[in-house]
Amino acid sequence: MLRSIVSRLILELRLFFTALQFFTRVPVPAWVGYQPEWLQACARHFPLVGAVVGVAGALVLAIASLWWPPLVAVLLSMAFTVWMTGGFHEDGWADTCDGLGGTVDRERALTIMKDSRLGSYGALGLALMLGLKAAVLTSLLAPVLGELNDAESSHVHQVLLGWTLMALLWSHTTSRLAPVLVIRALPYAGDVAHAKAKPLATQVSWGGVLGAVLGWAVVSVALVAWVDHIGWPVPTLLHAMGWASLAVALGTGWVARWLRRRLGGYTGDTLGAAQQITEVLSLLAWLAVVHPVTWVRW
C-alpha cells in the first residue's frame, strides 16, 4: 500500500516536471525522464506551472519596483515571464489572430496558423494583448488621486504592490485552467499526425480536469491563508478572486464556442490564445475590484 502511494506521488512529480519542462525554460532533474503519453496526462498540472510562472513574474516585479517606476517594473516582469515561457502562449495567440482574424474558411485558417511568419492580424493582436496587460498591471500599481492624498502614501504603494503581485500569481494560475477545459470540451481540429504537440491532441479525462481544478484550488487556498496570516482583508481578496473566476469562466466558454464555430475544435495555437485571453480578463476583473471607478458599487 505504502509502495503504491509513493509510486503514485513520484509519477505525479514526474508529470509536473514534464509540464514545467514543456511550457517553460526551467531545467528539470535528469531522473524525471520522458514518455510521450505524459504530455497529455500532465495537463492536470498546468495551473501549478502557471503558479511557478506567476511567482517568478511577481518576484521580478517586486525587485524592479525598488528602483524603477511602475511601468518600467511591469515591462521588466512581463519580459521575464515571456522569456521564461519562450513566448509559448503569446505565439499561439498571435498565430490564432492571423488564422481567425479574417473571414477565411476552416482549412485556410489552419494553414495560416501553421505558417511561422507573423501576419498583420497577429502583430496587431500581440501588440494589443501585451499593451493591455502592461496597462492593467501599471494601473494596479499606481495609486489613484485619493490614495496619493493619504498621509501614508508610501504604505499605499506597498499595499498596491502586494495586490498586484497576488494578481499576477493568481491570474497566471487560473488562466492555465482554460486550455485544460478547452481540450476537454472540443475535439482536435488539426492534423493529429503532424501536430506540434501531438499528445495534447488527445482529450483530457474528467480526472485530469479535476486534478487541474484541485491544483488551482490549492494555490487559491494558500493565497487566502497567506493574506489572512499577514492581516490583510480576506473579503477583498475573495471579492477579486470571485470576479476574476467569473471572467475566466465566461472567457473560456466564449473561446470554446468561437473555436467550435470557426474550426470545429482546437489546435495548439488556440490553446495558447485561450490562456492569453483569460489571463487578461482575470487581470481586468482584479483591477475593477482594487481600483473601481467611482460609479461602480460592488
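As shown above, the structure is provided for reference.
Quick look at the structure, then. Each residue is numbered by its place in its chain's sequence as written, counting from 1. Local features in this predicted model are restricted to residues of pLDDT 70 or higher, and side-chain atom pairs are both shown and tallied only at a pLDDT of 80 or more, whereas totals for entire chains, interfaces and linings draw on every residue. In computing side-chain properties, one takes all heavy atoms of the structure into account and sets aside hydrogens as well as water.

**Let's talk about helix H7 (residues 120-141)**
Part 1 of the argument: Helix and strand definitions here come from DSSP, where helices need a minimum of 4 consecutive H or I residues and strands a minimum of 2 consecutive E residues; each element is numbered from the N-terminal end. A helix is expected to reach a length of 1.5 Å times the quantity of its residues less one. Compared with the 32 Å implied by 1.5 Å per residue over 22 residues, the 32 Å span of H7 between its first and last C-alpha is a close match.
Part 2 of the argument: Accessible area is worked out with a 1.4 Å probe on protein chains only. A residue is then buried under 20% of its type maximum, exposed over 50%, and partly exposed in between. Turning to H7, its buried residues number three or more, namely Gly122, Gly125, Met129, Lys133, Ala134, Val136, Leu137, Thr138, Leu140 and Leu141.

**Digging into the packing of aromatic side chains**
Part 1 of the argument: The rule is short: rings of Phe, Tyr and Trp, with Trp giving its six-membered ring, pair when the centres are within 6.5 Å, and they are stacked under 30 degrees, edge-to-face over 60, tilted in between. Per the stated rule, a full pass over the model turns up 13 aromatic pairs.
Part 2 of the argument: Plain terms: the ring middles of phenylalanine 17 and tryptophan 31 are 6.1 Å apart, the flat faces sit at 90° to each other, and that makes the pair edge-to-face. Here tryptophan 31 lies in the loop between helix H1 (2-23) and helix H2 (36-41) and phenylalanine 17 lies in helix H1, a separation of 14 residues in the sequence.
Part 3 of the argument: Residue class for phenylalanine 17 comes out buried when judged on its relative accessible area of 17%.
Part 4 of the argument: Look at tryptophan 31 and you get partly exposed, because its relative accessible area is 45%.

**A short note on a nonpolar patch on the surface**
Part 1 of the argument: On the surface, Leu59, Ile63, Leu66, Trp67, Trp68, Val72 and Leu76 cluster together into a nonpolar patch covering about 750 Å² of accessible area.
Part 2 of the argument: Elements that contribute at least two residues to the nonpolar patch include exactly helix H3 (46-64) and helix H4 (70-85).
Part 3 of the argument: Within the fold, leucine 76 resides in helix H4.
Part 4 of the argument: For leucine 76, a relative accessible area of 36% corresponds to the partly exposed category. Excluding any residue in a salt bridge, patches collect residues exceeding 30% relative accessible area, merging like charges within 9 Å and nonpolar Val, Leu, Ile, Met, Phe, Trp and Tyr side chains within 5 Å. In this description, accessible areas are obtained by the Shrake-Rupley approach with a 1.4 Å probe, and a residue is regarded as covered only by the protein chains that are shown. Whenever Lys or Arg places a side-chain nitrogen within 4 Å of a carboxyl oxygen from Asp or Glu, that contact is recorded as a salt bridge.

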